[in-house]
Amino acid sequence: MIGPSRPLFVLFGSSIVQLSYDYHGWGATLTSLYSRKADISLRGYSGWNSRMALQVLDKVFPKDADIKPSLVILYFGGNDSVDPEFPGSAHVPLQEYIENMRRIALHITSLSEKTRLIMLSAPPVNEEQIVQFYGDSRGRNNETGRIYSEAGIKLGQELGVKVIDFWSALQERPDWLTTVFLDGMHLTKEGSDILVKKISRVLREVEWEPSLHWTKMADEFSDIIIPLASGMNLDNWQNEYIE
(Lines give C-alpha, C1' and ligand atoms only; values in the text may rest on other atoms or scores of the structure.)
Protein backbone atom coordinates (compact mmCIF):
# COMPACT_ATOMS: atom_id res chain seq x y z
CA MET A 1 0.00 0.00 0.00
CA ILE A 2 1.31 3.40 -0.97
CA GLY A 3 -0.28 6.78 -0.48
CA PRO A 4 -2.03 9.02 -0.88
CA SER A 5 -5.12 6.88 -1.27
CA ARG A 6 -6.86 7.33 -4.62
CA PRO A 7 -10.21 6.01 -5.86
CA LEU A 8 -9.79 2.39 -6.93
CA PHE A 9 -11.15 1.15 -10.26
CA VAL A 10 -11.18 -2.59 -11.00
CA LEU A 11 -11.46 -4.21 -14.43
CA PHE A 12 -12.83 -7.73 -13.89
CA GLY A 13 -13.41 -10.24 -16.66
CA SER A 14 -11.95 -12.68 -19.14
CA SER A 15 -9.42 -12.21 -21.95
CA ILE A 16 -10.83 -8.90 -23.21
CA VAL A 17 -9.91 -7.62 -19.75
CA GLN A 18 -6.62 -9.52 -19.41
CA LEU A 19 -5.43 -8.18 -22.78
CA SER A 20 -6.68 -4.65 -22.15
CA TYR A 21 -3.14 -3.34 -21.59
CA ASP A 22 -1.83 -4.86 -24.83
CA TYR A 23 -2.10 -3.47 -28.36
CA HIS A 24 -2.89 0.06 -27.10
CA GLY A 25 -5.81 -1.49 -25.24
CA TRP A 26 -8.69 0.08 -23.40
CA GLY A 27 -7.28 -0.66 -19.94
CA ALA A 28 -4.04 1.12 -20.82
CA THR A 29 -5.95 4.11 -22.17
CA LEU A 30 -8.10 4.34 -19.04
CA THR A 31 -4.96 4.20 -16.90
CA SER A 32 -3.51 7.13 -18.86
CA LEU A 33 -6.73 9.12 -18.64
CA TYR A 34 -6.87 8.58 -14.86
CA SER A 35 -3.20 9.12 -14.10
CA ARG A 36 -2.99 11.21 -10.89
CA LYS A 37 -6.72 10.64 -10.36
CA ALA A 38 -7.45 6.93 -9.72
CA ASP A 39 -5.64 3.60 -9.43
CA ILE A 40 -6.81 0.98 -11.89
CA SER A 41 -6.40 -2.71 -10.99
CA LEU A 42 -6.57 -5.40 -13.64
CA ARG A 43 -8.27 -8.67 -12.76
CA GLY A 44 -8.53 -10.39 -16.14
CA TYR A 45 -8.51 -14.15 -16.67
CA SER A 46 -8.22 -15.44 -20.21
CA GLY A 47 -10.60 -18.28 -21.06
CA TRP A 48 -12.81 -17.77 -18.03
CA ASN A 49 -16.59 -17.77 -17.94
CA SER A 50 -19.07 -16.45 -15.38
CA ARG A 51 -19.12 -19.79 -13.54
CA MET A 52 -15.39 -19.57 -12.90
CA ALA A 53 -15.69 -15.93 -11.87
CA LEU A 54 -18.12 -16.89 -9.12
CA GLN A 55 -15.54 -19.26 -7.64
CA VAL A 56 -13.13 -16.39 -6.92
CA LEU A 57 -15.59 -13.56 -6.35
CA ASP A 58 -15.00 -13.32 -2.61
CA LYS A 59 -11.23 -13.37 -3.14
CA VAL A 60 -11.21 -10.67 -5.79
CA PHE A 61 -13.77 -8.53 -3.94
CA PRO A 62 -13.59 -9.41 -0.23
CA LYS A 63 -16.33 -7.69 1.73
CA ASP A 64 -14.01 -7.05 4.67
CA ALA A 65 -11.35 -5.26 2.61
CA ASP A 66 -10.23 -1.92 4.04
CA ILE A 67 -10.40 -0.25 0.63
CA LYS A 68 -13.50 -0.75 -1.50
CA PRO A 69 -13.49 -0.04 -5.23
CA SER A 70 -15.13 3.13 -6.43
CA LEU A 71 -15.82 1.59 -9.83
CA VAL A 72 -15.87 -1.94 -11.24
CA ILE A 73 -16.11 -2.60 -14.97
CA LEU A 74 -17.40 -6.15 -15.37
CA TYR A 75 -17.16 -8.32 -18.46
CA PHE A 76 -18.02 -11.97 -18.96
CA GLY A 77 -20.03 -13.51 -21.76
CA GLY A 78 -17.85 -14.25 -24.76
CA ASN A 79 -16.70 -17.60 -23.36
CA ASP A 80 -20.08 -18.38 -21.81
CA SER A 81 -21.66 -18.15 -25.27
CA VAL A 82 -19.30 -20.64 -26.96
CA ASP A 83 -20.90 -23.67 -28.65
CA PRO A 84 -21.24 -26.41 -25.97
CA GLU A 85 -20.23 -29.02 -28.56
CA PHE A 86 -16.88 -27.38 -29.32
CA PRO A 87 -13.95 -29.34 -27.78
CA GLY A 88 -12.92 -27.86 -24.44
CA SER A 89 -15.88 -25.47 -24.55
CA ALA A 90 -16.32 -22.96 -21.70
CA HIS A 91 -20.04 -22.75 -22.50
CA VAL A 92 -22.46 -21.75 -19.76
CA PRO A 93 -26.19 -22.10 -20.54
CA LEU A 94 -27.97 -18.79 -20.98
CA GLN A 95 -30.13 -18.94 -17.84
CA GLU A 96 -27.16 -19.94 -15.70
CA TYR A 97 -25.11 -17.12 -17.25
CA ILE A 98 -27.83 -14.63 -16.32
CA GLU A 99 -27.99 -15.86 -12.72
CA ASN A 100 -24.20 -15.94 -12.41
CA MET A 101 -23.96 -12.35 -13.61
CA ARG A 102 -26.76 -11.37 -11.25
CA ARG A 103 -24.86 -12.82 -8.29
CA ILE A 104 -21.62 -11.15 -9.36
CA ALA A 105 -23.28 -7.77 -9.88
CA LEU A 106 -25.13 -7.88 -6.56
CA HIS A 107 -21.97 -8.85 -4.71
CA ILE A 108 -20.04 -5.97 -6.21
CA THR A 109 -22.72 -3.35 -5.60
CA SER A 110 -23.05 -4.53 -1.99
CA LEU A 111 -19.39 -3.78 -1.22
CA SER A 112 -20.17 -0.18 -0.27
CA GLU A 113 -22.66 2.59 -0.95
CA LYS A 114 -20.09 4.29 -3.18
CA THR A 115 -19.08 1.25 -5.25
CA ARG A 116 -20.32 1.80 -8.79
CA LEU A 117 -20.65 -0.84 -11.50
CA ILE A 118 -20.60 -0.79 -15.29
CA MET A 119 -21.33 -4.07 -17.06
CA LEU A 120 -20.19 -4.86 -20.60
CA SER A 121 -22.47 -7.16 -22.56
CA ALA A 122 -21.17 -10.02 -24.69
CA PRO A 123 -19.39 -8.71 -27.81
CA PRO A 124 -19.76 -9.58 -31.48
CA VAL A 125 -17.25 -11.69 -33.38
CA ASN A 126 -15.95 -11.84 -36.94
CA GLU A 127 -16.52 -15.52 -37.66
CA GLU A 128 -14.50 -15.54 -40.89
CA GLN A 129 -11.50 -13.87 -39.26
CA ILE A 130 -11.55 -16.36 -36.37
CA VAL A 131 -11.34 -19.27 -38.81
CA GLN A 132 -8.54 -17.57 -40.74
CA PHE A 133 -6.58 -16.95 -37.53
CA TYR A 134 -7.17 -20.20 -35.62
CA GLY A 135 -8.12 -22.68 -38.31
CA ASP A 136 -11.55 -23.28 -36.76
CA SER A 137 -14.47 -21.30 -35.36
CA ARG A 138 -13.41 -21.59 -31.70
CA GLY A 139 -17.10 -22.44 -31.20
CA ARG A 140 -18.17 -18.82 -31.65
CA ASN A 141 -20.78 -17.17 -33.79
CA ASN A 142 -22.17 -13.68 -33.88
CA GLU A 143 -25.82 -14.62 -33.48
CA THR A 144 -25.22 -16.42 -30.18
CA GLY A 145 -23.21 -13.42 -29.02
CA ARG A 146 -26.23 -11.25 -29.71
CA ILE A 147 -28.47 -13.47 -27.60
CA TYR A 148 -26.10 -13.37 -24.62
CA SER A 149 -25.57 -9.64 -25.10
CA GLU A 150 -29.30 -8.92 -25.00
CA ALA A 151 -29.66 -11.06 -21.88
CA GLY A 152 -26.88 -9.11 -20.15
CA ILE A 153 -28.41 -5.78 -21.10
CA LYS A 154 -31.82 -6.85 -19.81
CA LEU A 155 -30.26 -8.01 -16.53
CA GLY A 156 -28.46 -4.73 -16.04
CA GLN A 157 -31.66 -2.80 -16.63
CA GLU A 158 -33.47 -5.02 -14.15
CA LEU A 159 -30.79 -4.41 -11.52
CA GLY A 160 -30.53 -0.69 -12.22
CA VAL A 161 -26.89 -1.13 -13.28
CA LYS A 162 -25.26 0.74 -16.15
CA VAL A 163 -24.65 -1.57 -19.11
CA ILE A 164 -22.72 -0.95 -22.31
CA ASP A 165 -24.15 -2.74 -25.35
CA PHE A 166 -20.76 -4.08 -26.42
CA TRP A 167 -22.26 -6.18 -29.23
CA SER A 168 -23.77 -3.15 -30.95
CA ALA A 169 -21.01 -0.68 -30.07
CA LEU A 170 -18.30 -2.46 -32.04
CA GLN A 171 -20.62 -2.82 -35.03
CA GLU A 172 -21.35 0.91 -35.26
CA ARG A 173 -18.31 1.31 -37.49
CA PRO A 174 -19.20 0.46 -41.09
CA ASP A 175 -15.82 -1.24 -41.44
CA TRP A 176 -15.98 -3.06 -38.10
CA LEU A 177 -15.31 -6.50 -39.59
CA THR A 178 -11.85 -5.41 -40.74
CA THR A 179 -10.85 -2.92 -38.03
CA VAL A 180 -11.93 -3.78 -34.47
CA PHE A 181 -10.50 -7.31 -34.02
CA LEU A 182 -7.01 -8.75 -33.92
CA ASP A 183 -8.20 -12.32 -34.46
CA GLY A 184 -11.95 -12.07 -34.85
CA MET A 185 -12.70 -11.71 -31.14
CA HIS A 186 -9.97 -9.73 -29.30
CA LEU A 187 -9.65 -5.98 -29.73
CA THR A 188 -7.37 -3.83 -31.83
CA LYS A 189 -6.64 -0.25 -30.78
CA GLU A 190 -9.64 0.81 -32.85
CA GLY A 191 -11.89 -1.62 -31.01
CA SER A 192 -10.52 -0.54 -27.64
CA ASP A 193 -11.00 3.13 -28.50
CA ILE A 194 -14.69 2.49 -29.19
CA LEU A 195 -15.04 0.88 -25.76
CA VAL A 196 -13.23 3.71 -23.96
CA LYS A 197 -15.55 6.24 -25.58
CA LYS A 198 -18.60 4.26 -24.48
CA ILE A 199 -17.27 4.01 -20.92
CA SER A 200 -16.49 7.74 -20.98
CA ARG A 201 -20.03 8.57 -22.08
CA VAL A 202 -21.55 6.55 -19.22
CA LEU A 203 -19.28 8.20 -16.67
CA ARG A 204 -19.99 11.67 -18.06
CA GLU A 205 -23.77 11.29 -18.22
CA VAL A 206 -24.53 9.32 -15.08
CA GLU A 207 -25.48 11.28 -11.95
CA TRP A 208 -23.04 9.74 -9.50
CA GLU A 209 -21.64 11.69 -6.57
CA PRO A 210 -18.77 12.13 -6.65
CA SER A 211 -18.34 12.07 -10.42
CA LEU A 212 -15.95 9.40 -11.71
CA HIS A 213 -15.32 11.04 -15.09
CA TRP A 214 -11.67 11.99 -15.36
CA THR A 215 -12.44 15.57 -16.44
CA LYS A 216 -14.25 16.14 -13.16
CA MET A 217 -11.68 14.56 -10.84
CA ALA A 218 -8.85 16.55 -9.35
CA ASP A 219 -5.22 15.71 -10.05
CA GLU A 220 -3.30 14.43 -7.07
CA PHE A 221 -1.06 17.14 -5.57
CA SER A 222 -2.62 19.76 -7.83
CA ASP A 223 -1.91 22.37 -5.16
CA ILE A 224 1.83 22.09 -5.72
CA ILE A 225 2.95 24.69 -8.25
CA ILE A 226 5.59 23.68 -10.80
CA PRO A 227 7.60 26.05 -13.01
CA LEU A 228 5.84 26.65 -16.34
CA ALA A 229 8.82 25.47 -18.37
CA SER A 230 8.87 22.16 -16.52
CA GLY A 231 5.26 21.25 -17.17
CA MET A 232 3.67 19.47 -20.11
CA ASN A 233 0.24 19.93 -21.62
CA LEU A 234 -1.10 16.41 -21.94
CA ASP A 235 -4.77 17.28 -22.23
CA ASN A 236 -5.31 17.53 -25.98
CA TRP A 237 -5.16 13.80 -26.73
CA GLN A 238 -7.78 13.11 -24.06
CA ASN A 239 -10.43 14.99 -26.00
CA GLU A 240 -10.56 12.10 -28.46
CA TYR A 241 -12.32 10.02 -25.80
CA ILE A 242 -15.07 12.51 -24.99
CA GLU A 243 -18.13 11.93 -27.16
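Our structure is the block above this text.
So, a few notes on the structure that sits alongside this text. Quick caveat, the model's predicted, so the values are computed rather than measured. The residue count restarts for each chain, going from 1 along the sequence in the order it is written. In keeping with the model being predicted, local features are shown solely for residues with a pLDDT of at least 70 and side-chain atom pairs are shown and tallied solely at 80 or more, while totals for entire chains, interfaces and linings include all residues. Excluded from the side-chain calculation are hydrogens and water; included are all heavy atoms of the structure.

As a further point, take the packing of aromatic side chains. Centres within 6.5 Å are what make two rings of Phe, Tyr or Trp a pair, Trp counting through its six-membered ring; a difference in plane orientation under 30 degrees is then read as stacked, over 60 as edge-to-face, and the rest as tilted. This structure, assessed with the given rule, holds 10 aromatic pairs. An angle of 80 degrees between the planes, with centres 5.2 Å apart, marks the rings of Phe12 and Phe76 as edge-to-face. Here Phe12 is found in strand E1 (residues 8-13), whereas its partner Phe76 is found in the loop between strand E3 (71-75) and helix H4 (94-109), with 64 residues between them in sequence. The same class applies to Phe12 and to Phe76, which are both buried. Taking 6.1 Å as the distance between ring centres and 90 degrees as the angle between the ring planes, the aromatic pair formed by Tyr75 and Phe166 counts as edge-to-face. You can see Tyr75 sitting in strand E3 and its partner Phe166 sitting in helix H7 (residues 166-170), a full 91 residues away along the chain. For the pair shown, Tyr75 and Phe166 are each scored as buried. Numbered from the N terminus, helices here are DSSP runs of H or I no shorter than four residues, and strands are runs of E no shorter than two. Think of it in three bands: residues with accessible area under 20% of the maximum for their type are buried, residues over 50% are exposed, and the middle band is partly exposed, with areas taken using a 1.4 Å probe on protein chains only.

With that settled, the discussion passes to the pattern of salt bridges. Pairing between side chains of opposite charge can happen when the charged atoms of each approach one another. By salt bridge we mean one thing: a side-chain nitrogen of Lys or Arg within 4 Å of a carboxyl oxygen of Asp or Glu. Applying the stated criterion across every chain yields a total of 12 salt bridges. Of the charged contacts in the structure, one is a salt bridge between Arg6 and Glu220, with a shortest N-O distance of 2.9 Å. Of this pair, Arg6 sits in the segment before E1 while Glu220 sits in the segment after helix H9 (189-205), placing them 214 residues apart in sequence. For Arg6, a relative accessible area of 23% corresponds to the partly exposed category. On the basis of relative accessibility, which here comes to 16%, the residue Glu220 falls in the buried class. Arg173 is paired through a salt bridge with Asp175; the nearest N and O atoms lie 2.9 Å apart. On the accessibility criterion, Arg173 (28% relative accessible area) is partly exposed. Taking the relative accessible area as the measure of exposure, Asp175 reaches 31% and is therefore partly exposed. It is possible to trace a salt-bridge network through shared partners that takes in Arg6, Asp39 and Glu220.

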